[in-house]
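Secondary and tertiary structure notes
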Amino acid sequence: MKLSFHGADRDVTGSCHLVECAGRRILIDCGLFQGGREIDEENAAPFGFDAAAIDVVLLTHAHLDHCGRLPLLVKRGFKGEIIATGATHDLARLVMLDSAHLQEEDASHRSRRTSPQAANDDAAPLYTARDALDSLERFGRTAVYGEPLALGGAGHATFIDAGHILGSASILLELEEGRRLTLLFSGDIGNAGRPLLRSPAIPPHADVVVIETTYGDRLHKPIGPSIDEFYGAVTDTFRRGGNVVIPTFALERAQELLFILHQAVEQGRLPKTIQVFLDSPMAISATDVFRQHPEGLDAATAKLIRDGGDPLAVPGLHFTRDIAQSIAINTIKSGAIIMAGAGMCTGGRIRHHLKHNLSREASSIVFVGYQADGTLGRQIVEGARTVRIFGDDIAVHAHIHTINGFSAHADQAELLAWHQHTGAPRTFLTHGEAGTMEKFAARLSGTRVEMPALGQGFEL
Ligand code: ZN
């Protein structure tokens, strides 16, 4: 039995791990590398294994850094089966098609910049919508939490609720090759007690664990005070006669905010007269997927949906898919909550709303997600007096709020508790910055810890 690492190694993106057992090749995730420089080259580089030789892909969840190289895998000859939960399948469809469109757009920008005779590989997209559709054809069996699936002679795989985003899973492999070995992949582990989702399930015992370490060096603020802070920011803004603009990630965060607004209106903490705009076609589609998968939601929310209720309904909620509808929001000067992507303000419709509200003292910009170094979001969070949007210098007079309690990842204490439940004598750390991993490793005891490098393989 062999385990090798092909992404998210001493890094937080590009998750991809290969297990070889009894002549079968099993891939866990095939994610895109994101952010920073030279990322295009990293994504286009060889996988480190033969795509055509992979028998099955087990997909932990639908975030781009876990599913975003699947269309490339298929383009390079993968003909096997992809297994995921039903919700992950539906969300991955949105995520992969959106990614393919962006790849095609980027490629056409590149080809316009280069000379006609240089219409070469540099201008070709990493993959196209056709490749994304081909990869959707490869989805086979639907995983149900807790129900083992046969892996054709290599043993079984069981998906376990990871509580990270809708449909997310940790995956237990019970491998057989002369002897038995249990190998547990954490996937991304959720932050307990968040709205809509169940907390991560208690993991089973395993001989070997591969665990994410995104926040392996820190503790989160509790969510309750963060929700209060959010309501406070909305109330104060409306009192001043402005709008609330929220840069929003389309998956999970947008739906969480709708649920929090739904509760605020139910509890009388915000007036029924609020106007909420979800100005993101992808977030609108993802919201539909939530309604279709109550099995992935916590008990109270699932019951509400099964009883015909809608936990994501807010009075005065507008879904704006069309560009014209989006532009019409610009005429509203007060009393609106506007959610739009991109979550770090790197592109998308949010920049139009920032342009119309940043210079207004009455308005607020509320950040509820991580803002990476070098992004427009980070500049605003760090107190820039002016920012450049669409070639214009825009003065920042709006109130800026950064609310930190909405993380979708377990913190150090939760990761340590999760690991302790597994009792694993051997541990591989992935999906974290090197410094974070070192700090997390120092907190683990009674287990042999490895921090694999990209491409490194181990006998199990
Ligand atoms: Zn994730």
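Heads up: the structure comes first, above all this text.
Values in this document were obtained by computation on a predicted structure and should not be read as measured data. (Residues numbered from 1 in each chain as written. Predicted model: local features only at pLDDT ≥ 70, side-chain atom pairs only at ≥ 80, totals over all residues. Heavy atoms only, no water.)

Side note on the packing of helix α4 (residues 86-113) against helix α8 (residues 281-292)
- Contact geometry for α4 and α8: axes closest at 9 Å, N-to-C directions at 170 degrees. One finds that α4 runs roughly antiparallel with respect to α8. Across from Ala87, Asp90, Leu91, Leu94, Val95 and Asp98 in α4, the residues of α8 making contact are Met282, Ser285, Ala286, Val289 and Gln292.
- Considered class by class, the residues forming the contact of α4 with α8 number seven nonpolar, two polar and two charged. (Axes fitted to C-alpha atoms, helices over the stretch in contact; angles between N-to-C directions. Helix = DSSP H or I, 4+ residues; strand = E, 2+ residues; numbered from the N terminus. Parallel < 35°, antiparallel > 145°, perpendicular 65-115°, else oblique. Contact = heavy atoms within 4.5 Å. Nonpolar A, V, L, I, M, F, W, Y, C, P; charged D, E, K, R; others polar.)

Some points on the packing of aromatic side chains
- With the rule as written, the count across this model stands at five aromatic pairs.
- Their ring planes at 85 degrees and their centres at 5.9 Å tell us that phenylalanine 5 and phenylalanine 458 sit as a pair that is edge-to-face. Placement of the pair is phenylalanine 5 in strand β1 (residues 2-5) and phenylalanine 458 in strand β22 (residues 457-459), with a sequence separation of 453 residues.
- Residue classification places phenylalanine 458 among the buried residues on the basis of a relative accessible area of 10%.
- Here the basic side chain of arginine 76 rests over the ring of phenylalanine 47, its NZ or CZ set 5.0 Å away from the ring centre. (Phe/Tyr/Trp six-rings, centres within 6.5 Å; stacked < 30°, edge-to-face > 60°. Buried < 20%, exposed > 50% of the residue type's maximum accessible area, 1.4 Å probe, protein only. Lys NZ or Arg CZ within 6 Å of the ring centre and 35° of its normal.)

Quick word on the nonpolar core
- Of all hydrophobic cores here, the largest spans 75 residues; its most connected members are Leu27, Leu70, Leu73, Phe139, Phe230, Ile246 and Val276.
- It is helix α7 (residues 253-266) that contributes the most residues to this core, eight residues altogether.
- Those residues in contact with isoleucine 246, other than ones at most four positions away along the chain, are Phe230, Leu257, Ile337, Ile338, Met339, Ala340, Ile350, Val366 and Val368.
- Among the nonpolar cores identified, the runner-up in size contains 28 residues, and Leu149, Phe185, Phe458 and Leu460 belong to it. (Core = buried A, V, L, I, M, F, W, Y, C linked by side-chain atoms within 4.5 Å.)

Looking at the coordination of the zinc ion
- Protein coordination at the zinc ion comes from His61 (NE2), His63 (ND1), His164 (NE2) and Asp188 (OD), with a distance range of 2.2 to 2.3 Å.
- Site description for the zinc ion: donor spacing in sequence, H-x1-H-x100-H-x23-D.
- For histidine 61, a relative accessible area of 0% puts it in the buried group. (Donors = N, O, S within 2.8 Å, 3.2 Å for Na, K, Ca; no water.)

Digging into the pairing of strand β17 (residues 386-389)
- The two faces of β17 differ: Val387 and Ile389 on one face are buried, but Thr386 and Arg388 on the other face are not.
- In this sheet, strand β18 (residues 392-395) lies alongside β17 in antiparallel orientation, the contact comprising four bridges. Within β18, the residue paired with arginine 388 across the bridge is aspartate 393.
- A loop of two residues connects β17 with β18, the two strands running antiparallel in sequence, and phenylalanine 390 in this loop sits at a positive phi of about 50 degrees. (Pairing = 2+ DSSP bridges.)

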